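Examining the three-dimensional arrangement
Below, each chain spelled out in residue letters.
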Amino acid sequence: ANFSPDCTLLFNGQPHLPVGAAGELPRYLLVLQRDVTETVHAAGAEAAGRMLAESVGGKGASFGYALLLHADGRVELTWVSRACRALTGYEPAEVLATGLTALVSEDDRGRFGERLLRLADADRVQDEYRLRTRAGDELWVDDFAMLSWASDDRGLSAVYGVIRDVSATRQPDGGTWHEAHY
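Okay, so let's go over this structure. Nothing here was measured: the structure is a model prediction, and the numbers come from that model. (Residues numbered from 1 in each chain as written. Predicted model: local features only at pLDDT ≥ 70, side-chain atom pairs only at ≥ 80, totals over all residues. Heavy atoms only, no water.)

This next bit is on the overall build of the protein chain. Within the protein chain, the secondary structure is distributed over five helices and eleven strands. Here the protein chain holds 182 residues, and 41% of them are scored as buried. Of all intrachain contacts in the protein chain linking residues separated by at least 6 positions in sequence, the fraction that spans at least 24 positions is 49%. Just so you have it, the protein chain exposes about 10400 Å², and 52% of that area is on carbon and sulfur atoms. (Helix = DSSP H or I, 4+ residues; strand = E, 2+ residues; numbered from the N terminus. Buried < 20%, exposed > 50% of the residue type's maximum accessible area, 1.4 Å probe, protein only. Contact = heavy atoms within 4.5 Å. Areas by Shrake-Rupley, 256 points an atom, 1.4 Å probe, with all protein chains shown as cover.)

Here five strands make up an open sheet; going across it, the order is 8-7-11-10-9 and the pairing antiparallel. Each having just a single partner strand, strand 8 (75-80) and strand 9 (124-132) make up the two edges of the open sheet. Strand after strand, the sheet turns through a mean of 30 degrees between neighbouring axes, direction not considered. When strand 9 meets strand 10 (residues 138-151), the two strands line up antiparallel, connected through nine bridges. Within strand 10, the residue paired with V125 across the bridge is A145. (Pairing = 2+ DSSP bridges. Axes fitted to C-alpha atoms, helices over the stretch in contact; angles between N-to-C directions.)

Let us now look at the pairing of strand 10. As consecutive antiparallel partners, strand 9 and strand 10 are separated by five residues, and within that stretch G136 has a phi angle of approximately 90 degrees, a positive value. Looking at chain direction, strand 10 and strand 11 (residues 156-165) are connected through ten bridges and run antiparallel. Along strand 11, the bridge assignment pairs S151 with L156.

Let us now look at helix 4 (residues 109-119). Buried residues of helix 4: F112, R115, L116 and L119, and no others. Considered in projection along helix 4, the buried side chains sweep an arc of 100 degrees and stay on one side of the axis. (Arc of directions from axis to C-beta.)

Attention shifts here to the nonpolar core. Among the nonpolar cores identified, the biggest contains 23 residues, and F63, L100, L119, L131 and I163 are the most heavily contacted of them. Counting only elements with at least two residues in this core, the list comes to strand 7 (62-70), strand 8, helix 2 (84-88), helix 4, strand 9, strand 10 and strand 11. (Core = buried A, V, L, I, M, F, W, Y, C linked by side-chain atoms within 4.5 Å.)

The tally for this structure, following the rule as stated, stands at ten salt bridges. Here E91 makes a salt bridge to R85, at a shortest N to O gap of 2.9 Å. On the basis of relative accessibility, which here comes to 35%, the residue E91 falls in the partly exposed class. Residues joined in a network through salt bridges with shared partners are D108, R111, R130, R132 and E138. (Salt bridge = Lys/Arg side-chain N within 4 Å of Asp/Glu carboxyl O.)

Right, here's the structure in full:
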């Protein structure tokens, strides 16, 4: 991983290709760089999704995301999968611009803020809260996030997560899926 000129995290693939005349030892090494950030984020979110699927009932719609946790306490949403459009009605660029907190129901924002703080000290965090869609609907979602890597020298940690609609699995008394099953 490197940083792009605008200081955003950039994952790149660097194939090294030896170059030389046929039958001779290579005289040059050609290094090609290509941005593989989208691929890396999608793979991280997919891994989180597999873990979430093992622990949550129902087959609700879901979308993945990537966060950077900074040593100073800032939480930066760096990637959201295109599937967020189907669940929330918002385009990924809109969610990146406003952050996930803007989608969280006002009644759950305090708990959501505490959750973000817990991410820095845990390998995995799983919570249920309510999201507001563009249409104004309120969905219960299960949010599973896992720490992917930490860089002590840069003071950064990367977190991948998946948010899944669990509205259909809510208990009649309003209890969460986890309260009913654990």
